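Coordinates in review
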Number of protein chains: 2
Amino acid sequence: VSDPVAIGIDVGGTKLVAATVTADGTVLDRQRRETPARDGELLQRTLARCVVELGGGEGRLPVGVGIAGLVTPSGEVRYGPNIGVRDLPLASRLAETAGCEVSVVNDATAATFGEQRIGAGRGRDDLLMFTLGTGVGGGVVVGGEVLIGHAGFAGELGHVIVDEGGRACPCGNRGCIEAYASGTSMGLIARERLVDLSVDTTLRDEAELTGRTVTRAALAGDTFATSILAEAGWWLGVAAASLVNVLDPELILIGGGAALQTSRWVLPAAETALAEHLIGSPWRVAPAFELAALGDDAGMVGAALLAAKRATAAGGAAR
Amino acid sequence: VSDPVAIGIDVGGTKLVAATVTADGTVLDRQRRETPARDGELLQRTLARCVVELGGGEGRLPVGVGIAGLVTPSGEVRYGPNIGVRDLPLASRLAETAGCEVSVVNDATAATFGEQRIGAGRGRDDLLMFTLGTGVGGGVVVGGEVLIGHAGFAGELGHVIVDEGGRACPCGNRGCIEAYASGTSMGLIARERLVDLSVDTTLRDEAELTGRTVTRAALAGDTFATSILAEAGWWLGVAAASLVNVLDPELILIGGGAALQTSRWVLPAAETALAEHLIGSPWRVAPAFELAALGDDAGMVGAALLAAKRATAAGGAAR
């Protein structure tokens with residue numbers, strides 16, 4: 001086994017995972033903790049403890065953190081609603097405490113970078129990734145580089161508007177793809193349609209309607225549930241068409257916790273809608289939709305590899 | 001005056017312009033000809049003649065061509081509906097005939113590069129440009145590089161879908177921003193609304209309703225016409241919001257033949273819609289909309305500067 005090149009940490013709304021990672025993405029050690037809520041100071045100390053326990057620290061391995069929220073290019077968490085922090089200069093504080101180089105980026109951006117480096121996007125220089133879960137996130141790779149954006153807020157693919165004035169989105173707007181394809185939205189759509197008493201579905205017996213219960217019903221053969229997943233996929237294809245018209249990637253990855261189990265309904269519908277909405281269809285091959293490969297590790301591994309890459313670039317520049 | 005670095009040619013649907021261009025974008029000489037329609041062979045010979053008359057040729061200045069249509073990374077015009085060509089390997093044929101390096105790219109891509117290098121986007125590494133005219137085109141600059149895309153079809157900003165199933169677009173789909181903000185679409189929208197006989201507008205007296213006539217009426221104080229321009233701007237802001245959520249640029253340029261005269265109505269409405277639809281608004285500054293600066297020369301100058309850049313890069317690599 002080769003040496004680790006960085007420590008990766010993925011900070012989610014309820015839990016965080018951390019590990020040392022090698023250049024080929026092998027996870028050598030792994031820690032899992034609760035994410036401290038609404039306490040930036042405690043979050044930073046928790047991450048510092050992870051770093052030390054994984055053998056990092058003063059002048060040692062670079063650290064990459066992926067975190068749900070809006071993160072500036074310098075690694076300040078401007079707004080992390082799931083974790084309950086804002087305006088937290090996490091990269092600089094953690095670098096100070098731990099004594100090593102720290103990169104902090106959006107978790108879906110980190111996951112996209114991980115997939116491009118060692119996952120389903122390996123060897124592809126231009127790709128998009130949608131991450132499907134409670135919400136819809138994503139990332140963009142252009143010319144082999146994952147987009148961070150001018151303010152650090154690139155890659156919010158969940159808020160591509162597909163139907164202005166359409167369904168309400170948790171972000172406060174209407175018609176974002178997240179309002180059609182997130183787990184939360186699929187649960188809401190199911191609930192709305194159950195008002196029609198002629199709809200025959202096992203979902204009537206569920207106490208809660210979420211992406212998870214819709215998926216479970218679909219896997220058990222419920223055609224009402226599968227139609228909701230296919231519709232979500234169709235809208236994803238519409239959002240993808242807008243982005244392919246602008247970015248012309250080679251590949252579109254679908255990742256996130258809900259991707260694998262729902263792909264048999266989501267992907268064909270997304271492909272259909274992309275083909276229908278793409279400009280210049282007769283003169284081009286539409287990029288394929290493919291499942292992401294790294295699963296739940298994508299964010300952690302991607303954050304580690306991005307930190308390693310930045311450390312190498314900085315070292316190269318310093319020499 | 002410094003020496004020219006390249007020859008730039010902008011091939012439009014009815015006319016083409018060609019010139020030698022210096023590194024700072026100064027146009028030293030200028031030719032204007034009819035664009036040969038539906039004849040790739042004649043088009044290529046016409047361009048070769050321009051090159052020779054501008055002092056180019058065997059081993060001399062690199063040539064950059066911007067052309068309306070879908071152009072592959074190798075400079076093959078896959079589909080140029082306005083010019084009536086398809087599957088024309090223009091870059092390789094012209095390079096053979098003229099004996100110099102030739103780059104062929106989409107005209108709006110060339111214009112975007114020109115604006116980023118020496119126009120309104122100078123010094124900005126991340127920007128979008130919408131070009132407004134008969135249709136809506138555009139381009140994207142990420143990290144200082146203009147996007148060509150995997151197949152060469154990046155930058156079709158006119159076909160960002162803002163309202164799936166909405167207004168019919170000339171591309172065959174529905175709800176593209178071009179169906180709301182192009183000159184053609186604004187003319188159609190005006191015509192549809194004149195069915196309401198209570199609408200008071202000088203446009204009733206026009207033989208033809210186009211972006212041009214709507215703009216002329218707006219400039220003369222017709223409030224019905226100004227409302228159509230403001231609506232077009234509002235939809236542009238919606239399309240921009242989708243793209244800013246994904247790409248997070250610093251600046252959004254509005255260029256093309258219709259930009260300057262309509263900006264007082266289009267830009268404020270676009271800014272309003274962008275602010276309304278952008279995710280994380282409280283934690284970020286929305287990119288500004290600004291008018292492009294190079295006018296009709298943007299495509300020609302941009303194509304020349306792109307050819308010069310590529311020739312330098314190739315020369316650097318060869319050394």
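The notes below deal with the structure included here. These numbers were taken from a predicted model, which means no experiment stands behind them. (Residues numbered from 1 in each chain as written. Chains lettered and ligands numbered in written order. Predicted model: local features only at pLDDT ≥ 70, side-chain atom pairs only at ≥ 80, totals over all residues. Heavy atoms only, no water.)

**Description of the pattern of salt bridges**
Residues and elements named next belong to chain B. For the structure shown, the criterion picks out 21 salt bridges over all chains. The salt bridge partner of D297 is R30, with a shortest N-O separation of 2.8 Å. With a gap of 267 residues between them, D297 in the loop between β13 (288-291) and α9 (298-318) and R30 in the loop between β2 (15-22) and β3 (31-34) connect regions that are remote in the sequence. We note a salt bridge from E250 to R124, for which the minimum N-O separation is 3.7 Å. Here the residue E250 occupies a position in the loop between α7 (223-247) and β12 (251-255), and R124 occupies one in the loop between α3 (107-118) and β9 (127-132), the gap between them amounting to 126 residues. For E250, a relative accessible area of 26% puts it in the partly exposed group. Accessibility expressed as a relative area gives 23% for R124, which makes it partly exposed. (Salt bridge = Lys/Arg side-chain N within 4 Å of Asp/Glu carboxyl O. Helix = DSSP H or I, 4+ residues; strand = E, 2+ residues; numbered from the N terminus. Buried < 20%, exposed > 50% of the residue type's maximum accessible area, 1.4 Å probe, protein only.)

**Examining unusual backbone geometry**
All names here are of chain A. One non-glycine residue with positive phi stands out, namely D87, at about 50 degrees. Among the secondary structure elements, D87 is positioned in strand β7 (residues 85-88). For D87, a relative accessible area of 38% corresponds to the partly exposed category. For D248, which is not glycine, the phi torsion reads 50 degrees and is therefore positive. Following the sequence through the fold, D248 ends up in the loop between α7 (223-247) and β12 (251-255).

**Quick word on the interface of chain A and chain B**
On the side of chain B, 45 residues touch chain A, which itself brings 45 residues to the contact. Of the roughly 3800 Å² buried where chain A meets chain B, counting both sides, 61% is carbon and sulfur surface. Among the residues chain A hides against chain B, the three largest losses belong to E164, V246 and W283 of chain A. Together they make up 20% of the total. Taken together, the links from chain A to chain B amount to 0 salt bridges. Put simply, chain A and chain B have 24 residue pairs in polar contact (both at pLDDT 80 or more) between them. Those elements that provide at least two residues to the side of chain A that touches chain B are β6 (77-80), β10 (136-142), α7 and α8 (259-277) of chain A. Sorting elements by how many residues they give to the side of chain A that touches chain B places α7 of chain A first, with 9 residues. Residues of the side of chain A that touches chain B, tallied by class, amount to 25 nonpolar, 10 polar and 10 charged. (Contact = heavy atoms within 4.5 Å. Buried area = accessible area lost by both parts, 1.4 Å probe. Polar contact = N/O pair within 3.5 Å; in protein donor to acceptor, adjacent residues only side chain to side chain. Nonpolar A, V, L, I, M, F, W, Y, C, P; charged D, E, K, R; others polar.)

**Focus on the sheet that holds strand β6 (residues 77-80) of chain B**
The antiparallel open sheet is built from 3 strands, whose spatial order is β5-β6-β7 (chain B). The open sheet terminates on both sides in strands that have one partner only, identified here as β5 (70-71) and β7 (85-88) of chain B. (Pairing = 2+ DSSP bridges.)

**Here we look at the packing of aromatic side chains**
Tallied over the entire structure, the rule returns 6 aromatic pairs over all chains. Summarising the aromatic geometry, the rings of W283 of chain A and Y79 of chain B are spaced 3.6 Å apart at their centres and angled 5 degrees between planes, so their arrangement reads as stacked. Pair noted here: W283 of chain A is in the loop between α8 and β13 (288-291) and Y79 of chain B is in strand β6, and the two residues belong to different chains. Assessed through its relative accessible area of 15%, W283 of chain A is described here as buried. Ring centres of W234 of chain B and W235 of chain B lie 5.4 Å apart, and the angle between their planes is 85 degrees; on these two criteria the pair is classed as edge-to-face. (Phe/Tyr/Trp six-rings, centres within 6.5 Å; stacked < 30°, edge-to-face > 60°.)

**Here's the deal with the relation of the copies chain A and chain B**
Superposing chain A onto chain B takes a rotation of 180 degrees plus a shift of 0.0 Å along the axis, which leaves an RMSD of 0.0 Å. Taken together, the turn and the small shift mark the pair as related by a two-fold rotation axis. When C-alpha positions in chain A are compared against the rotation axis, the closest is assigned to D163 of chain A, at 2.2 Å. Most of the interface of chain A is mirrored in chain B, where 100% of its interface residues again form contacts. (Least-squares fit on C-alpha atoms with pLDDT ≥ 70 in both.)

**With respect to the packing of helix α1 (residues 40-53) of chain B against helix α2 (residues 90-98) of chain B**
Residue and element names in this part refer to chain B. Relative orientation of the contacting elements α1 and α2 amounts to 45 degrees, with a least axis distance of 10 Å. Looking at the two axes, α1 sits oblique to α2. Judged by the sense of rotation from one axis to the other, the crossing of α1 with α2 is right-handed. For the pair formed by α1 and α2, the contact residues are E41, Q44, L47, A48 and V51 on the first element and L90, R93, L94, T97 and A98 on the second. (Axes fitted to C-alpha atoms, helices over the stretch in contact; angles between N-to-C directions. Parallel < 35°, antiparallel > 145°, perpendicular 65-115°, else oblique. Left-handed = near helix turned anticlockwise from the far one by under 90°.)

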